[in-house]
Amino acid sequence: MARLSVLIADGNPVIRAGLAALVCAAEDLDVIAQAADGREALSLTRRHAPDVILLDVRMPGVDGISALPHLVQMAPVLMLTYSKEAEIICEALLLGAGGYLVHGEFTTDELLRAVRDAPLGRPHFTPTAASALLAEVRSSSHPQRVVAQSSERMHNSVVFGLSSREVEIMDLIASGMNNQQIAAACFISEKTVKNHINRIFAKLRSATRSEAIARWLGTARPGVTGHG
């Protein structure tokens with residue numbers, strides 16, 4: 001039987017250890033890496049190329065939602081979290097998550113089945129996540145707002161003409177990373193990061209980091225240009 005490699009990203013070391021014990025007890029699953037935040041998850045995913053990523057939402061530093069768009073480009077991601085907010089669930093799915101499990105609502109067998117199904121594109125949802133998602137879809141305004149926000153962040157690369165690497169770096173800037181952290185996350189030098197940022201600022205017509213973030217996230221007022 002082919003074995004699946006799993007990366008666990010959770011800010012709580014006790015939860016990480018518990019999940020690792022559950023997953024490793026299965027004959028066909030291996031935990032190849034554990035991450036304490038989104039930045040470490042990105043780095044370890046590039047290094048180990050797992051078959052499945054188990055990702056928490058709230059983590060110190062770079063959180064799960066910020067890391068998610070980058071992680072899903074490298075492996076299937078299954079959200080495994082205490083976060084029950086419908087808006088977060090909807091955004092996670094829009095950003096590419098292949099399922100959403102809320103702690104306390106699944107058995108060990110259900111967790112392992114979700115892990116095995118993730119590479120096959122079969123999504124799994126626990127009751128709270130399924131109910132929240134259904135309520136969000138039925139809402140007349142919330143899905144539109146969440147879709148608009150996610151589309152603004154994910155697709156404005158077309159508007160500004162950013163390359164895929166520049167999109168990745170701009171997302172990391174918006175998540176609060178400094179140049180050194182971005183260099184480590186992307187496995188490039190700080191000088192290369194600075195070169196990318198200079199090009200990004202030129203394309204976004206921004207002079208400062210805060211102004212670039214505002215334009216990238218769609219919060220800058222039309223016609224207003226900073227001079228910082």
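I will try to describe carefully the structure that is included in this document.

### So, the environment of Asn-12
Structurally, the position occupied by Asn-12 is in the loop between β1 (4–9) and α1 (13–24). You can call Asn-12 partly exposed: its relative accessible area is 32%.

### Here we look at the pattern of salt bridges
It is possible for side chains of opposite charge to pair when their charged atoms get near one another. Applying the stated criterion to the full structure yields nine salt bridges. Two residues, Asp-28 and Arg-116, come together in a salt bridge whose shortest N-O distance is 2.7 Å. Separated by 88 residues along the polypeptide, Asp-28 in the loop between α1 and β2 (29–35) and Arg-116 in helix α5 (residues 108–117) bring together distant segments of the chain. Arg-165 is the partner of Glu-168 in a salt bridge, and the nearest nitrogen-oxygen pair spans 2.8 Å. With Glu-168 and Arg-165 both in helix α8 (residues 164–174) and three residues apart, the pair spans about one turn of that helix. Looking at Arg-165, the relative accessible area reads 27%, which means it is partly exposed. One salt-bridge network, held together by shared partners, links Arg-46, Arg-165 and Glu-168.

### A closer look at the sheet that holds β2
Strands sit in the order β2-β1-β3-β4-β5 across an open sheet of five strands; the sheet is parallel. Looking at which strands have only one partner, the edges of the open sheet turn out to be β2 and β5 (100–102). Strand after strand, the sheet turns through a mean of 25° between neighbouring axes, direction not considered. Most of the contacts of helix α3 (residues 64–71) go to strand β3 (residues 52–55), to which it runs at about 170°, and overall it touches β3 and β4 (77–81).

### Regarding α8
Counting buried positions along α8 gives eight out of eleven residues, so the element sits mostly inside the fold. Those residues of α8 that fall on the buried side of the exposure criterion are Glu-166, Val-167, Glu-168, Ile-169, Met-170, Asp-171, Leu-172 and Ile-173. Phi for Gly-176, located one or two positions after α8, is positive at around 105°.

About the criteria used
Residues numbered from 1 in each chain as written. Predicted model: local features only at pLDDT ≥ 70, side-chain atom pairs only at ≥ 80, totals over all residues. Heavy atoms only, no water. Helix = DSSP H or I, 4+ residues; strand = E, 2+ residues; numbered from the N terminus. Buried < 20%, exposed > 50% of the residue type's maximum accessible area, 1.4 Å probe, protein only. Salt bridge = Lys/Arg side-chain N within 4 Å of Asp/Glu carboxyl O. Pairing = 2+ DSSP bridges. Axes fitted to C-alpha atoms, helices over the stretch in contact; angles between N-to-C directions. Contact = heavy atoms within 4.5 Å.

Worth remembering: the numbers are spatial, not functional.
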